[in-house]
Amino acid sequence: MSKKTFILGFVFIALLGVSSAGISQGTSQNKKDLYSQVELFSYALTTIQSEYVDVKDPQDLIYGALRGMLSSLDPHSQFMDPDEYKDLKTETEGKFGGLGIEISLKDNLLTVIAPLEDSPAWRAGIKAGDRIVKIDHDVTRDMNLDDAVKKLRGNPGTRVTITILREREDLVKDFVITREIIHVDDIKDPHIMDDHIGYVRLTEFRENSYEELHQALEKLKSQGADSLVLDLRNNPGGLLDVAIRIAEDFLPAGKTIVSTKGRHSSEDTVAKSENSGGDFLDWPMAVMINEGSASGSEIVAGALRDNKRAVLVGVTSFGKGSVQSVIPLPDGSGLRLTTAKYFTPSGVCINGIGITPDVVIEDKTQEDKDDDKEKAGKVNTEDVDTIFSDLERKDNKNLSTEDKKLNDQKKKDLEDIQLQSAVNVIKGIKIYRKFQK
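This structure is a prediction, so every number in the text was calculated from the model and none was measured.

What about helix α13 (residues 417-436)?
So, step 1. Taking 1.5 Å per residue as the helical rise, α13 with its 20 residues ought to reach 28 Å, and the 29 Å between its terminal C-alpha atoms agrees with that figure.
So, step 2. Residues of α13 that are buried: Gln418, Leu419, Ser421, Ala422, Val423, Val425, Ile426 and Lys430.
So, step 3. For α13, the capping residue at the N-terminal end is Asp416, with a side-chain oxygen 3.2 Å from the backbone nitrogen of Gln418.

A look at the pattern of salt bridges
So, step 1. Using the criterion set out here, one finds 21 salt bridges in the structure.
So, step 2. Across the salt bridge formed by Glu180 and Arg123, the nearest N and O atoms sit 2.5 Å from each other. With a gap of 57 residues between them, Glu180 in strand β11 (residues 180-183) and Arg123 in helix α5 (residues 120-124) connect regions that are remote in the sequence.
So, step 3. Residue classification places Glu180 among the partly exposed residues on the basis of a relative accessible area of 30%.

Here's the deal with the pairing of strand β13 (residues 197-202)
So, step 1. Counting buried residues along β13, six of its six residues qualify, which places the element largely inside the surrounding structure.
So, step 2. Across the two faces of β13 the burial is the same, with Ile197, Tyr199 and Arg201 and Gly198, Val200 and Leu202 all buried.
So, step 3. Note: strand β12 (residues 187-192) against β13, four bridges, orientation antiparallel. Of the residues in β13, the one forming a bridge with His191 is Tyr199.
So, step 4. Between β12 and β13, which pair antiparallel in sequence order, lie four residues; one of them, Asp195, sits at a positive phi of approximately 60 degrees.
So, step 5. Pairing analysis gives five bridges linking β13 to strand β14 (residues 227-231), with the strands arranged parallel. Each bridged residue has a counterpart across the sheet, and for Tyr199 the counterpart in β14 is Val229.
So, step 6. In this fold, the crossover linking β13 to β14 by way of helix α7 (residues 209-222) has right-handed handedness.

Examining the packing of aromatic side chains
So, step 1. This structure, assessed with the given rule, holds two aromatic pairs.
So, step 2. Pairing Tyr63 with Phe79 gives two aromatic rings, centres 4.9 Å apart and planes at 55 degrees, and the pair type is tilted. Residue Tyr63 is located in helix α3 (residues 58-71), and its partner Phe79 is located in strand β3 (residues 78-80); the two are separated by 16 residues in the primary sequence. Note on accessibility: Tyr63 and Phe79 belong to one class, buried.
So, step 3. For the ring pair Phe280 and Trp283, a centre distance of 4.9 Å and an interplane angle of 80 degrees mean the geometry is edge-to-face.

What to know about the confidence of the model for the protein chain
So, step 1. The predicted model of the protein chain has a mean per-residue pLDDT of 83, with 82% of residues at 70 or higher.
So, step 2. Across residues 372-382 the pLDDT falls below 50, and counting only partners more than four positions away or on other chains, this stretch makes two contacts in the model.

Cut-offs applied
Residues numbered from 1 in each chain as written. Predicted model: local features only at pLDDT ≥ 70, side-chain atom pairs only at ≥ 80, totals over all residues. Heavy atoms only, no water. Helix = DSSP H or I, 4+ residues; strand = E, 2+ residues; numbered from the N terminus. Expected span 1.5 Å × (residues − 1). Buried < 20%, exposed > 50% of the residue type's maximum accessible area, 1.4 Å probe, protein only. Polar contact = N/O pair within 3.5 Å; in protein donor to acceptor, adjacent residues only side chain to side chain. Salt bridge = Lys/Arg side-chain N within 4 Å of Asp/Glu carboxyl O. Pairing = 2+ DSSP bridges. Right-handed = clockwise from strand over helix to strand, strands pointing away. Phe/Tyr/Trp six-rings, centres within 6.5 Å; stacked < 30°, edge-to-face > 60°. pLDDT = per-residue confidence, 0-100. Contact = heavy atoms within 4.5 Å.

In structure tokens form, the structure reads like this:
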């Protein structure tokens, strides 16, 4: 039997071997207790089959028992029937149906880890940290993760109403969202900013993410970049081996990236960089994180900070520090089972805690935009800002498509106060290096 390990959401990681002897380890007394409890389970199962008012398919009873057993362990462990197991594999390809949100159970509440950029949930205004309290007419109080995912999914073009509790704003609001086929682009907005500072945003850790990111970095380098802002905001994680390879691009050989510790020694691993001469080892770096940065994002951020390779900017991350293994079962179903916890190079397990950045700065961009909208109806039509805004729009019409795109990107960068803080951090590092020389 083989199992695939992954860290967050519904994605695979690398194949790991597991022996049946390792699974069945235990004392004779433990085995005796297990067998007696299995006998109890078997008795209950046969009683239900013979006495329950309606005839039930034995497979439905077993699947139901497995769902309950896995959900009783922790929020991230789950039993998957064959269809759900196929869906899990489909999602690793970067194309799937739904709303475009990563969810988890946090504080026993169904919580949005992050909306995927340009997804229906993103466009509707769903934010990281939102609590989903109702899906259509169903309250989510006692709903497990598997049932929630089922209700959120559906055929493209169909609508679902989700009720959100946004605690920081004391807001309860209904969002009606139309499902779509979700296309995930891992790399967003690579470009050069002031002072030869490159910027790239990584939205998730998928099979091709490392290659795509490395290509983007090489292109930025060819355009004159000598430093980098790596944006991991709202990145919910993904493949462990990909996160390790990405961190390795910026860490010299021998530096620890992440370690895992589990119940069995086979689950204890230490990943170290083997990068002996990469192109980006000396680049000044800032890494941006927020409450939607989880799992693989936290591994990369923690590795770069603990090894003094990058300064973290933003707000405290989600805090998802457990490792799940996906174990296929003979009938095509599967288990997603928590088998280990991971630790940053400094030995910290951030599960349920998250990583607090070196430079903590709240994202007020959207709030500022909302304030501007409120004020817009109150200012005089001859307001100076309005005049110059109109003039800028007219000038933009005369620009080429490429120039307009650059202008829009620059404006977007300037409005992002977290990004501007990261840029200032890198400028400070560059000045400090000059002083050292």
